[in-house]
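Reading the structure
Take a look at the letters that make up each chain.
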Amino acid sequence: FLAATSALLQHDDPKVQRRALSLLNARITRDKEVCSPADIALLMDLIPEIEENLLQDSDEFSAEENSLNSQVALWAIEILARNFASVQSDPVLQILPRVVDIVMTRPMDTAWDANVVASASLALASICSELGLRTLSLFPKYFPRLLTLLEQCHTLKAVTGRDLLRVSLVTA
């Protein structure tokens, strides 16, 4: 399963990548209790490949496609962090600056952008919850931005994105 998922994450079609991530997320959620230490290590080894989906912002795909892939990739990071970061923290610590970067720099021009920031905020919350003090050094960087975003939620034009962002920021 993991070998196939890894191969599908490299596929050219963003819909295939997104579906592979969705299947991975469902599998982790379903089987997290029965994962062996070796399984956890293999799952955590997928984080760099998942990060590639965050880095893709291709002009050949729509903003919607790029944003959906980023959201599903952030969901995967959140699920991995919530379930396995206490066991194997290094891969999560390596992705943490990228998640913080999304929270800090993603423009809030559309509902799609707000949804990506909301997903990044939830991933950040799970990472911080699981890794505790190891994330403290980045706290002064991202926390003011979370507060600013929370204050600005009411000014977003996209109601759906605004509500999701508000709930995610409060959760974070």
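So, how was this worked out
- Residues numbered from 1 in each chain as written.
- Predicted model: local features only at pLDDT ≥ 70, side-chain atom pairs only at ≥ 80, totals over all residues.
- Heavy atoms only, no water.
- Helix = DSSP H or I, 4+ residues; strand = E, 2+ residues; numbered from the N terminus.
- Buried < 20%, exposed > 50% of the residue type's maximum accessible area, 1.4 Å probe, protein only.
- Contact = heavy atoms within 4.5 Å.
- Axes fitted to C-alpha atoms, helices over the stretch in contact; angles between N-to-C directions.
- Left-handed = near helix turned anticlockwise from the far one by under 90°.
- Nonpolar A, V, L, I, M, F, W, Y, C, P; charged D, E, K, R; others polar.
- Salt bridge = Lys/Arg side-chain N within 4 Å of Asp/Glu carboxyl O.

**A look at the overall build of the protein chain**
- Counting its secondary structure elements, the protein chain contains nine helices and zero strands.
- Listing the helices and strands of the protein chain from first to last along the sequence gives α-α-α-α-α-α-α-α-α.
- Going through the 172 residues of the protein chain one by one, you find that 47% of them count as buried.
- In the protein chain, of all internal contacts separated by at least 6 residues, the share reaching a separation of at least 24 is 69%.

**A closer look at the packing of helix H6 (residues 90-105) against helix H7 (residues 111-131)**
- Between H6 and H7, whose axes approach to 9 Å, the crossing angle comes to 145°. Crossing handedness for the pair H6 and H7: left-handed. Across the interface between the two elements, Val92, Leu93, Leu96, Val99, Val100, Ile102 and Val103 of H6 pack against Val116, Val117, Ala120, Ser121, Ala123, Leu124, Ile127 and Leu131 of H7.
- Along the lines of polarity and charge, the residues of the contact of H6 with H7 split into 14 nonpolar, one polar and no charged.

**Brief notes about the side chain of Gln71**
- Checked against the element boundaries, Gln71 lands in helix H5 (residues 63-84).
- Filtering out sequence-adjacent residues up to four positions away, Gln71 remains in contact with Trp112, Asn115, Val116 and Ser119.

**What to know about the environment of Leu21**
- For Leu21, the location among the structural elements is in helix H2 (residues 14-31).
- When its relative accessible area of 0% is taken as the criterion, Leu21 is described as buried.
- It is 9.5 Å that separates the C-alpha atoms of Leu21 and Asn53, two residues lying 32 residues apart in sequence.
- With sequence-adjacent residues up to four places away left out, Leu21 is seen in contact with Leu9, Ile50, Asn53, Asn69, Val72, Ala73 and Ala76.

**Some points on the side chain of Glu78**
- You can see Glu78 is positioned in helix H5.
- Among the residues examined, Glu78 registers a relative accessible area of 11% and is labelled buried.
- Sequence-distant contacts of Glu78, defined by excluding residues within four places in its chain, comprise Leu122, Ala123 and Ser126.

**Quick word on the pattern of salt bridges**
- In total, this model carries six salt bridges according to the counting rule given.
- Taking the shortest distance from any N to any O, the salt bridge between Arg30 and Asp31 comes out at 2.9 Å.
- With a shortest N-O distance of 3.1 Å, Asp113 and Arg106 are connected by a salt bridge.
- The network of salt bridges with common partners includes Arg27, Arg30 and Asp31.

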